[in-house]
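# Structural overview
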Amino acid sequence: MSEDGTATTSTDQTAETMSSKEKRKLKVIIVGAGMAGLSSANHLAKNGCTDFLILEGRNRVGGRIVSIDMGSQKIELGANWIHGVLGNPMFELAMQHGLISIINIPKPHKVVAATEDGKQVPFQILQEIYEAYVCFLRRCEEYFLCQYLPPPDIHSVGEHINLEVELYLDGVDCAKEKHLRKLIFDCLLKRETCITGCHSMDEIDLLELGSYTELQGGNIVLPSGYSSILKPLCDNLPNENIVLSCPVRRIHWKRKATRRAGGAATAAAADTILEEDEEEQDDGNESDDSDRTVTEVPVGAGGAEPTQEERRVGEEAARRIKSSTANVVVECENGAIYEADHVICTLPLGVLKEQAETLFVPALPQYKVESIDSLLFGTVDKIFLEYDRPFLNATISEIMLLWEQQQQQEDDGEGQERDGQWLKDNWYKKICSFSKVSDTLLLGWISGREAEYMETLSHEIVAERCTDILRQFLKDPFVPKPKRCVCTSWRKQPFSRGSYTAIAVGASQDDIDNIAQPLYSSPHQSKPSVMFAGEHTHANFYSTVHGAYLSGRTAAQILLTPDSPQEIVMESDSSDLSSWIQGIALD
């Protein structure tokens, strides 16, 4: 067992033991052993291809899926639910391996909402506002589905919902009642940032909200923890095919050289693999130490100058790809160099945002870099509080915190300093609720810049602040202090750099498709040299485990498809006239 509680077993292999592997060229290298990487490997293995290697930076598999034991509970630090049943490969996998004992029987769910002065909101008001809010959110999704235009100057989900809220509250005469309802709407919008993965719903593109496809069947929790789904995936993989604690520094890929005329056109240097200088120019951007769980703070390496040894390894990788028949040479942090025909890169969008410009040699095409920049990779963190004894009323399952709105002051030249002070004073007001995981275990959610700020604090400070909040909102000075507090730190983690993908204002599904687009070494190549997988590459299921799984499987399938041209059989359904109609020329 690793210290985060996940199974490492015999896959816990280091690069030193891989010398025999290093000496030959592999068919496929998979970068990352999260769900996308494991899915790719699984699909290759099931189809008889075991000539692959997974390189994983952490000391465990699973990526953003990680469970730990807390008391008698198994808690999820990352992925929490299987989102939907119908057509969900994760649900099918869990059923197939007996990980779901009974089809979801919902527990009694009683939510209370309280204001800062400890007053509880009548349930019928809470229900009324929740129903109105869901209606406003569904209306936002319709812009994508029906392709009609929103009101002028409304570009984000947050702006649209706030407009609807304003119109709704205009019908409430009593100022006190209006204010209370506004607080509930604000709390629901904060909760939505945790679901969507952003700082504010003002960041989320209105026209693209409906691009996310929700699978029917609700959210399913695995009794044995989400990490239990990793075992059946790893069982199919040869132990020696996974190398842990092996962060990748560079992916050198061959691109057909652009010949230069008369020594000019230096811009063409980016388009050729044959230039020595471009192989050496960016050896600095070190990845971080890997033996960290999501509850620990990694030691930052930043963009330090490359050491002599790192420079030597970079030069060796550059030399090797020039003389090699391989399309790709992967250079690792520890100096190991691997050659392959293909690489499947499953690094999260947060890591690509930070490292894409130095990770790939030659550099990624500009359209890819722009799409990586355009999409949002937000931070969503969890706060777990464990107690010696139950103190919350047995019937209550969740307490919503209706904070008075604290307006952040506008930037006036001292913006950064002011912003830092504001976060210090107000970060905890982004916690939208505490829900009961068990009688003695509470879970709080926090997102965005406030979550990033919380990651800089000690667990003791967070636990104290949460105790003050619960005492205040429950109007109970005897709420005990937790015996243990565990906070996640997804933004700080060098191998995630955030939680999951969302479509920012101005971005679109096209950006997801752009990132997913494979890279070929030459126009005549039948199979791509570099492929991309992960939740950020699935245009409809971004931000989900099943999106990552499907994208990984697709990448593997492309490589498994035979090289020789196949006869294409067009299947026609006589009940569907669309293909026939397309053949009619209309004057």
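Further up the page is the structure itself.
Note that this is a predicted model, so its numbers are computed, not measured. Starting afresh in each chain, residues are numbered from 1 along the sequence in its written order. The model is predicted, so local features are restricted to residues of pLDDT at least 70 and side-chain atom pairs to those at 80 or more, both for listing and for counting; the totals for chains, interfaces and linings are taken over all residues. Water and hydrogen atoms were dropped before computing side-chain values, which therefore reflect all heavy atoms in the structure.

Attention shifts here to the overall build of the protein chain. Helical segments are the DSSP runs of H or I of at least four residues, strand segments are the runs of E of at least two, and each set is numbered from the N terminus. Helix and strand counts for the protein chain stand at 17 helices and 20 strands. Exposed residues in this analysis have more than 50% of their type's maximum accessible area, buried residues have under 20%, and partly exposed residues fall in between, with area computed by a 1.4 Å probe over protein chains only. When burial is assessed residue by residue, the protein chain has 54% of its 587 residues classed as buried. Counting only contacts in the protein chain whose residues sit at least 6 apart along the sequence, the fraction spanning at least 24 positions is 77%. Note that accessible areas follow from Shrake-Rupley with a 1.4 Å probe, and for residues the cover is restricted to the protein chains shown. For the protein chain, the computed accessible surface area is about 27,300 Å², with 50% contributed by carbon and sulfur atoms. Whether two residues are in contact is decided by their heavy atoms, any of which lying within 4.5 Å being enough.

What follows is about the packing of aromatic side chains. Aromatic rings from Phe, Tyr and Trp, taking only the six-membered ring of Trp, are treated as a pair when their centres fall within 6.5 Å; an angle between ring planes under 30 degrees marks them as stacked, one over 60 as edge-to-face, and anything in between as tilted. Under the criterion given, the structure shown has eleven aromatic pairs. Consider the rings of W81 and W445, whose centres lie 6.0 Å apart with planes at 15°: the pair is stacked. On the criterion of sequence distance, the pair formed by W81 in the loop between β4 (73-76) and β5 (82-83) and W445 in strand β17 (residues 441-447) is long-range, its members being 364 residues apart. Measuring from ring centre to ring centre gives 5.9 Å for W427 and Y428, while their planes differ by 90°; the resulting arrangement is edge-to-face. As far as the burial class goes, W427 and Y428 line up, both buried. Following the ring pairs from residue to residue traces out a cluster consisting of W403, W427, Y428 and F473.

Before going further, it helps to spend a moment on helix α6 (residues 175-196). Here α6 is 22 residues long and its end C-alpha atoms lie 31 Å apart, about the 32 Å a rise of 1.5 Å per residue gives. Two residues or fewer after α6 comes G197, characterised by a positive phi angle close to 90°. To estimate the expected span of a helix, subtract one from its residue number and multiply by 1.5 Å.

What links the strands of a sheet is backbone hydrogen bonding, and the strands pair in either a parallel or an antiparallel sense. At least two DSSP bridges between two strands are needed for those strands to be called paired. Across the sheet, which stays open at both edges, the six strands sit in the order β6-β15-β16-β17-β14-β18 with mixed pairing between neighbours. Of all strands in the sheet, those bounded by a partner on one side alone are β6 (111-115) and β18 (484-487). Along the sheet, successive strands turn relative to each other by an average axial angle of 20°, direction set aside. As paired elements, strand β14 (residues 380-386) and β17 share seven bridges and run antiparallel to each other. The residue of β17 that forms the bridge with L385 is L442. Together, β6, β14, β15 (398-402), β16 (433-438), β17 and β18 form the strand contacts of helix α14 (residues 459-474), whose direction differs from that of β18 by roughly 105°. Interaxial angles span 0 to 180 degrees and are taken between N-to-C directions of axes, which are lines fitted to C-alpha atoms, for helices over the stretch in contact.

Each salt bridge in this description consists of a side-chain nitrogen of Lys or Arg and a carboxyl oxygen of Asp or Glu lying within 4 Å of one another. On inspection of all chains with the given rule, the structure shows 16 salt bridges. Put simply, E331 and R249 hold a salt bridge, and the shortest N to O gap is 3.8 Å. Taken together, the residues span a long stretch of sequence, with E331 in strand β10 (residues 328-332) and R249 in strand β9 (residues 248-253) at a distance of 82 residues. Under the relative-accessibility criterion, R249 is labelled buried at 3%. Salt-bridge contacts for R249 lead to E333; the nearest nitrogen and oxygen are separated by 2.9 Å. Taken together, the residues R249 in strand β9 and E333 in the loop between β10 and β11 (337-345) connect sequence positions 84 residues apart. Within the structure, one salt-bridge network assembled from shared partners comprises E128, E177 and R181.

The next thing to look at is the packing of helix α4 (residues 123-146) against α6. The relative placement of two packed helices is expressed as an angle between their axes plus a distance between the axes. Contact pair α4 / α6: the axes reach a minimum separation of 10 Å and the direction vectors enclose 50°. Viewed along their axes, α4 and α6 adopt a mutual orientation that is oblique. Judged by the twist between their axes, the crossing of α4 over α6 is right-handed. On α6, the residues that touch I125, L126, E128, I129, Y130, A132, Y133, F136 and L137 of α4 are E177, L180, R181, I184, F185, L188, L189, R191 and E192. Here the contact of α4 with α6 is built from residues that sort into 13 nonpolar, no polar and five charged. Note on terminology: angles under 35 degrees are roughly parallel, angles over 145 are roughly antiparallel, angles of 65 to 115 are roughly perpendicular, and the others are oblique. A clockwise turn of the near helix away from the far one marks a right-handed crossing, whereas an anticlockwise turn of less than a right angle marks a left-handed crossing. Any residue outside Ala, Val, Leu, Ile, Met, Phe, Trp, Tyr, Cys, Pro, Asp, Glu, Lys and Arg is labelled polar, Gly included; the first ten of those are nonpolar and the last four are charged.

Turning to its location among the elements, L207 is positioned in the loop between α6 and β7 (219-220). The exposure class of L207 is partly exposed, given its relative accessible area of 37%. For the pair formed by L207 and V157, sequence separation is 50 residues and the distance between their alpha carbons is 8.4 Å. Ignoring anything within four residues of it in the chain, the contact list for L207 reads Y143, F144, Y148 and P150.

Here α4 crosses helix α5 (residues 157-169) at 135°, and the two axes come no closer than 10 Å. Considering their axes alone, α4 and α5 lie oblique with respect to each other. Here α4 runs over α5; the crossing is right-handed. Contacts between α4 and α5 involve E128, I129, A132, Y133, F136, L137, R139, C140 and Y143 from the first element and V157, H160, I161, E164, V165 and Y168 from the second. In terms of residue class, the contact of α4 with α5 is made up of eleven nonpolar, one polar and three charged.

Working definition of a nonpolar core: buried Ala, Val, Leu, Ile, Met, Phe, Trp, Tyr and Cys residues. They are joined through side-chain atoms within 4.5 Å. The biggest cluster of nonpolar side chains holds 44 residues, and the ones touching the most others in it are M35 and I229. If you list the elements that add at least two residues to this core, you get β1 (26-31), α2 (35-46), β2 (52-55), α3 (89-96), α7 (230-235) and α16 (545-560). Considering each element in turn, this core owes the most residues, seven residues, to α16. With sequence-adjacent residues up to four places away left out, I229 is seen in contact with M35, I82, M90, L93, A94, L99 and L222. Core analysis: the next-biggest nonpolar cluster, separate from the first, contains 39 residues, A336, L352, F360 and V369 among them.

Below, the discussion takes up the pairing of β1. With respect to burial, β1 is a largely interior element, five of its six residues being buried. Summarising the sheet, β1 and β11 pair through five bridges and their orientation is parallel. Within the sheet, the bridge partner assigned to L26 lies in β11 and is A340. If you view a crossover with the strands going away from you and the path from the first strand over the helix to the second runs clockwise, you call it right-handed. A crossover links β1 with its parallel partner β2, the connecting element being α2, and its sense is right-handed.

For α14, which comprises 16 residues, the first-to-last C-alpha distance of 22 Å matches the rise-based estimate of 22 Å (1.5 Å per residue) to within 8%. Buried within α14 we find V462, A463, C466, T467, I469, L470 and F473. Around the axis of α14, the buried residues are gathered within 165° of arc, so they sit on the same side. Once α14 ends, the next one or two residues include K475, with phi positive near 55°. In this context, the arc is that of the directions from the helix axis out to the C-beta atoms.

Geometric values such as these leave the question of function open.
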